[in-house]
Protein chains: 2
Amino acid sequence: MGGFKHLVIVRFKEGTVAEEIMKGLEKLVSEIDLVKSFSWGQDLESPEMLAQGFTHAISMTFDKKQDYTAFQTHPNHVEFSATFSAAIEKIVVLCFSSVQVKPAVA
Amino acid sequence: MGGFKHLVIVRFKEGTVAEEIMKGLEKLVSEIDLVKSFSWGQDLESPEMLAQGFTHAISMTFDKKQDYTAFQTHPNHVEFSATFSAAIEKIVVLCFSSVQVKPAVA
């Protein structure tokens, strides 16, 4: 899948129950059809020096940039964003057209 | 797809021809069957404040952690790493078991 990708890496504030945030995010994307793929993970394996304190990665794919823009302004997303933002210690967000090399796009 | 994910976000040094680095990476993963999926992108869309200077994202998926470990020590990877490392201004690497929420894993 190519598509428009929204990638977030984050470190949550101490005391945050990351599982709850992720459950909220899973619920959010399951309700919004614009989100074509969604996966996340908690870093446990990267050398500490290379992870630089970031603990979670979140990846979403949309068919096109307009769908991402519509997702951002969706009332459910706006509501969730308040919870998410409050839990963040640091964050990097990248948005890009994904070049899918493997597996080859049919 | 779930699997073991290797996620890299990077800012290349000024003067780096990122396209050449990415071509090298595409060649590398196409030669090594352990890499099950590979995609990358150049951030063009994220608000500058949120991208924090990072410019490229690279995502690879392996069936299991052992395959990732084998990839890391593959001679072609070791050779490519020298070129890649020399071009990096800053980098974050996260490795994790991916939780695939959407589309549902069959």
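No experiment lies behind these values; they were computed from the predicted model shown.

A word on the overall build of chain A. Within chain A one finds 4 helices and 5 strands. Seen in sequence order, chain A has helices and strands lined up from the N terminus as β-α-β-α-β-α-α-β-β. Relative to its length of 106 residues, chain A is compact, with a C-alpha radius of gyration of 14 Å against a globular reference of 13 Å. In terms of overall dimensions, chain A has C-alpha extents of about 40 × 35 × 20 Å along its principal axes. Expressed as a percentage of its 106 residues, the buried residues of chain A come to 48%. Within chain A, residue pairs in contact and separated by at least 24 positions form 78% of the contacts whose partners lie at least 6 positions apart. Carbon and sulfur atoms make up 55% of the accessible area of chain A, which amounts to about 5400 Å² in all. Counting 10 positive and 13 negative side-chain charges, chain A places the averaged centre of each group 7 Å from the other.

Rotating chain A by 180 degrees about the axis while translating it 0.0 Å along that axis superimposes it on chain B, leaving an RMSD of 0.0 Å. Both copies are brought into coincidence by an operation consistent with a two-fold rotation axis. Scanning chain A for the C-alpha nearest the rotation axis identifies Ile9(A), at a separation of 4.6 Å. Most of the interface of chain A is mirrored in chain B: 100% of its interface residues are interface residues there too.

A full pass over the atoms with the stated rule returns 10 salt bridges over all chains. We note a salt bridge from Asp67(A) to Lys64(A), for which the minimum N-O separation is 3.1 Å. You can call Asp67(A) buried: its relative accessible area is 11%. Between Lys27(B) and Glu31(B) there is a salt bridge whose closest N-O contact spans 2.9 Å.

A few words now on the sheet that holds strand E2 (residues 37–42) of chain A. Strand order in the open sheet made by the 5 strands is E4(A)-E1(A)-E3(A)-E2(A)-E5(B), with antiparallel pairing throughout. The open sheet has two edge strands with one neighbour each: strand E4 (88–97) of chain A together with strand E5 (99–102) of chain B. When the angles between neighbouring strand axes are averaged without regard to direction, this sheet yields 15 degrees. Summarising the sheet, strand E1 (residues 4–12) of chain A and E4(A) pair through 9 bridges and their orientation is antiparallel. From the neighbouring strand, Phe12(A) faces E4(A), where its bridge partner is Ile88(A).

Along the chain, Val17(A) turns up in the loop between E1 and helix H1 (18–31). Residues Val17(A) and Val93(A) lie 76 residues apart in sequence; the distance between their C-alpha atoms is 21 Å.

Tallying the contact residues gives 41 residues for chain A and 41 residues for chain B. Buried area between chain A and chain B, both sides added, is near 3200 Å², and the carbon and sulfur share of it is 63%. Summed over the three residues of chain A that lose the most area to chain B, namely Glu45(A), Leu94(A) and Lys102(A), the buried surface amounts to 20% of that side. Counting the contacts that link chain A with chain B gives 2 salt bridges. Between Lys65(A) and Glu45(B) there is a salt bridge, and its shortest N-O distance comes to 2.7 Å. For the interface between chain A and chain B, the tally reads 26 residue pairs in polar contact (both at pLDDT 80 or more). It is E4(A) that contributes the most residues to the side of chain A that touches chain B, 7 residues altogether.

A few words on the confidence of the model for chain A. In the predicted model, chain A carries a mean pLDDT of 93, and the fraction of residues at 70 or more is 97%. Interface confidence in the predicted complex, given as ipTM, is 0.87; pTM for the same model is 0.91.

Thresholds, definitions, all that
- Residues numbered from 1 in each chain as written.
- Chains lettered and ligands numbered in written order.
- Predicted model: local features only at pLDDT ≥ 70, side-chain atom pairs only at ≥ 80, totals over all residues.
- Heavy atoms only, no water.
- Helix = DSSP H or I, 4+ residues; strand = E, 2+ residues; numbered from the N terminus.
- Rg over C-alpha atoms; globule rule 2.2 N^0.38 Å.
- Buried < 20%, exposed > 50% of the residue type's maximum accessible area, 1.4 Å probe, protein only.
- Contact = heavy atoms within 4.5 Å.
- Areas by Shrake-Rupley, 256 points an atom, 1.4 Å probe, with all protein chains shown as cover.
- Lys, Arg positive; Asp, Glu negative; His and termini not counted.
- Charge placed at Lys NZ, Arg CZ, Asp CG, Glu CD.
- Least-squares fit on C-alpha atoms with pLDDT ≥ 70 in both.
- Salt bridge = Lys/Arg side-chain N within 4 Å of Asp/Glu carboxyl O.
- Pairing = 2+ DSSP bridges.
- Axes fitted to C-alpha atoms, helices over the stretch in contact; angles between N-to-C directions.
- Buried area = accessible area lost by both parts, 1.4 Å probe.
- Polar contact = N/O pair within 3.5 Å; in protein donor to acceptor, adjacent residues only side chain to side chain.
- pLDDT = per-residue confidence, 0-100.

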